[in-house]
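Now for the letters of each chain:
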Amino acid sequence: MSLSQLEIIEPVSGEHNLPNYPEVRRHFDWEDAKIGLSFNETGKLNIAYETIDRHVHDGHGDKTALHYVNGDERISYTFKEVKEKTDHYARVLKENGVVKGDRVFVFLPKTPECYIAILSVIKIGAIAGPLFEAFMEDAVRDRMNDCNASLLITDKDMVERVPKEDIPSLETILFAEDIEAETDGDTVEEYVEWMDPEDGMLIHYTSGSTGKPKGVLHAHRVVSHQYQSGKWVLDIKDDDVYWCTSHPGWVTGSVYGLFAPWLNRATIVIQGGRFKAEHWYKLIAELKVSIWYSAPTAFRMLLSQGDVLKDYDLSSLRHILSVGEPLNPEVIYWAWEELGVRIHDTWWMTETGAHLVVNLPGEKIKPGSMGRPFPGVEVGILDEAGEIVKRGTTGQLAVRTPWPGLMKEIWGNKDKFDSYFKYEGWYLSGDLAYQDEEDYVFFQSRDDDMINSSGERIGPFEVESKLIEHEAIQEAGVIGKPDKVRGEIVKAFIVLREGFEQSPELLQEIRVFVRNNLAAHVAPKEIEVMEELPKTTISGKILRRELKKWEIEKAG
Ligand code: PRX
């Protein structure tokens, strides 16, 4: 079926927080997005204060802020309890010498403590660096060393994966269990440090096609963008139960798992444990989840489980959103038929701080499209000269600068930062897309070698560097191989050193080597041994594109 033959899905009737997109888009000013936030009245800004404390001060302290579910375990906290906990963590951090601007990392599973730790770091003016819970030693070390982190909040299991001696800047490790236990000396004092809008608050490491992961720094000014998109795109209302499945170590998990929903005073769900269709459906039914934000790979996995969903009452779901990788129309039709709810694709990046292209609940969906520009956002599809191309023509997906969510810097790497802005007045995403006459944007592919597996951004360079540390490997080229469920899987082409023979055991050992040092999701699912790798004649650089072309042709 070609995209033009696909059926448009009209909006479901109902009250939406953004009832008239075309009209609002014409008049919207980013200043409007500050209305409702306390700094707009007081002039004092801290995103952690806006996220939690504001609601307590406004008299909503007794509302449930979170439900935590892990197996049979259930914990719920009110906004007042979350505030008190962040104050408590803040006091402990201050007692341990943390000051404004310090980089404090958080390495915890998806638990309430992870969310509270992140907020408490930001509350006292430091910069939080949340790490994905499945990272192994090298991934932890590279990120903390890059920005000279001075303190880490982790737990007594995960600390096993922290190579302390290789992180010279790391002065203190605090265990969440100990912070929780040590409540003596708590006061009613508040620990908020008022910040400049340009001060840093969060650093997320993300991969590109070259070099090690880069630290994308968000500033406190991001707050209005996250607040407004939570209101309009997530469409949060007072009685909603909201569940984002991503871990706060990824930008979706921090921005739309923590900040945007809590800025809009939503009751959120935090789910520990691994993906299992039955558990997910059970959770939706039990907690009556009404808004659900996840990723295409998860939806495809659920779809492949067939009728399992018929055993659960999923009627509480009223709004579903997706992000991170192309959302195929089949998945949208599946949800529409089985759940009677549309899936709203959204597009943004770690660097952009919040949504840029969105499908809104009150607007029609064109399956295959990521939606239209968020009010206040101007999208441009550019050619190689930086000129806007004709509608319907594929080009580089760019966004007019600035907007409040836009990253402040790439930590310690001005050249990399500048590379996003090579065309005057535009932010260049690195994605290729086209836009139709009605402004809908259609993703085509990446413009570089970055891999997207299950919506997670994987840099081939990081995997290749690890592979060649293995004694059997002389050279390695890593690509994303198309995959029906995961979008892409990591595939490595390697040349063995003399004296090493290919065997299933050796390939398994190599896989485990990457998994144990970096993380399971970046370990090559497939490894192919080659006599040699294709290279450029002049610089001898490995041609990943040739490998990919070859792989795709082979698959027919
Ligand atoms: O290639 C695009 C893809 O994910 C990249 C951004 O990855 P990351 O910074 O990890 O952020 C992911 C979640 C915000 C983009 O450059 N991507 C993101 N959303 C979509 C997408 N690809 C297709 N459709 C989307 N909706």
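Quick caveat, the model's predicted, so the values are computed rather than measured. (Residues numbered from 1 in each chain as written. Predicted model: local features only at pLDDT ≥ 70, side-chain atom pairs only at ≥ 80, totals over all residues. Heavy atoms only, no water.)

Trainee: Go over the overall build of the protein with me, naming the residues and quoting the values.
Mentor: Looking only at helices and strands, the protein features 16 helices and 25 strands. Computed over C-alpha atoms, the radius of gyration of the protein comes to 23 Å, within 12% of the 24 Å expected from 2.2 N^0.38 for 556 residues, which places it in the range of a compact globule. On the principal axes, the C-alpha backbone points of the protein span a range of 70 × 60 × 55 Å. Within the protein, contacts between residues separated by at least 24 positions form 69% of all contacts whose residues are at least 6 apart in sequence. Just so you have it, the protein exposes about 22,800 Å², and 48% of that area is on carbon and sulfur atoms. (Helix = DSSP H or I, 4+ residues; strand = E, 2+ residues; numbered from the N terminus. Rg over C-alpha atoms; globule rule 2.2 N^0.38 Å. Contact = heavy atoms within 4.5 Å. Areas by Shrake-Rupley, 256 points an atom, 1.4 Å probe, with all protein chains shown as cover.)

Trainee: Describe the site of the ligand, naming the residues involved and giving the relevant values.
Mentor: Taken together, 18 residues are adjacent to the ligand, and Asp345, Thr346, Thr350, Asp431 and Arg457 come closest. At 3.4 Å, a backbone N or O of Glu325 approaches a nitrogen atom of the ligand. With respect to the ligand, the side chain of Asp345 contributes an N or O atom lying 2.9 Å from a nitrogen atom. Coverage of the ligand by the protein amounts to 96% of the 540 Å² it exposes when considered alone. For the shell around the ligand, the elements supplying multiple residues, two or more each, are helix 9 (251-263), strand 13 (343-347) and strand 20 (441-446). (Near = heavy atom within 4 Å. Polar contact = N/O pair within 3.5 Å; in protein donor to acceptor, adjacent residues only side chain to side chain.)

Trainee: I'd like a rundown of the nonpolar core, residues and numbers included.
Mentor: What tends to happen in soluble globular proteins is that the nonpolar side chains get buried as a cluster. Formed by 95 residues in total, the largest nonpolar core has its most connected members in Phe259 and Trp262. One finds Val269, Trp292, Ala298 and Trp334 within the second-largest nonpolar core, a separate group that totals 30 residues. (Core = buried A, V, L, I, M, F, W, Y, C linked by side-chain atoms within 4.5 Å. Buried < 20%, exposed > 50% of the residue type's maximum accessible area, 1.4 Å probe, protein only.)

Trainee: Could you give an account of the sheet that holds strand 9 (residues 241-244), naming the residues involved and the relevant values?
Mentor: The nine strands are arranged 2-1-10-9-11-12-13-14-15 in an open sheet whose pairing can be described as mixed. Every other strand in the sheet has two partners, leaving strand 2 (73-78) and strand 15 (372-373) as the edge strands with one partner each. For strand 1 (residues 64-70) and strand 2, the ladder comprises six bridges, and the chain directions are antiparallel. If you follow Thr64 over to strand 2, its bridge partner there is Thr78. In the packing of helix 9 onto the sheet, contacts are made with strand 1, strand 9, strand 10 (267-271) and strand 11 (291-294), and the angle to strand 9 comes to roughly 165°. (Pairing = 2+ DSSP bridges. Axes fitted to C-alpha atoms, helices over the stretch in contact; angles between N-to-C directions.)

Trainee: Run through the confidence of the model for the protein, naming residues and quoting values.
Mentor: Any segment with low pLDDT has predicted coordinates that should not be analysed in fine detail. Mean pLDDT over the protein: 95, with 99% of residues reaching 70 or higher. Element-level pLDDT for the protein is lowest in helix 16 (residues 544-555), with a mean of 92, against a maximum mean of 99 in strand 3 (residues 103-106). (pLDDT = per-residue confidence, 0-100.)

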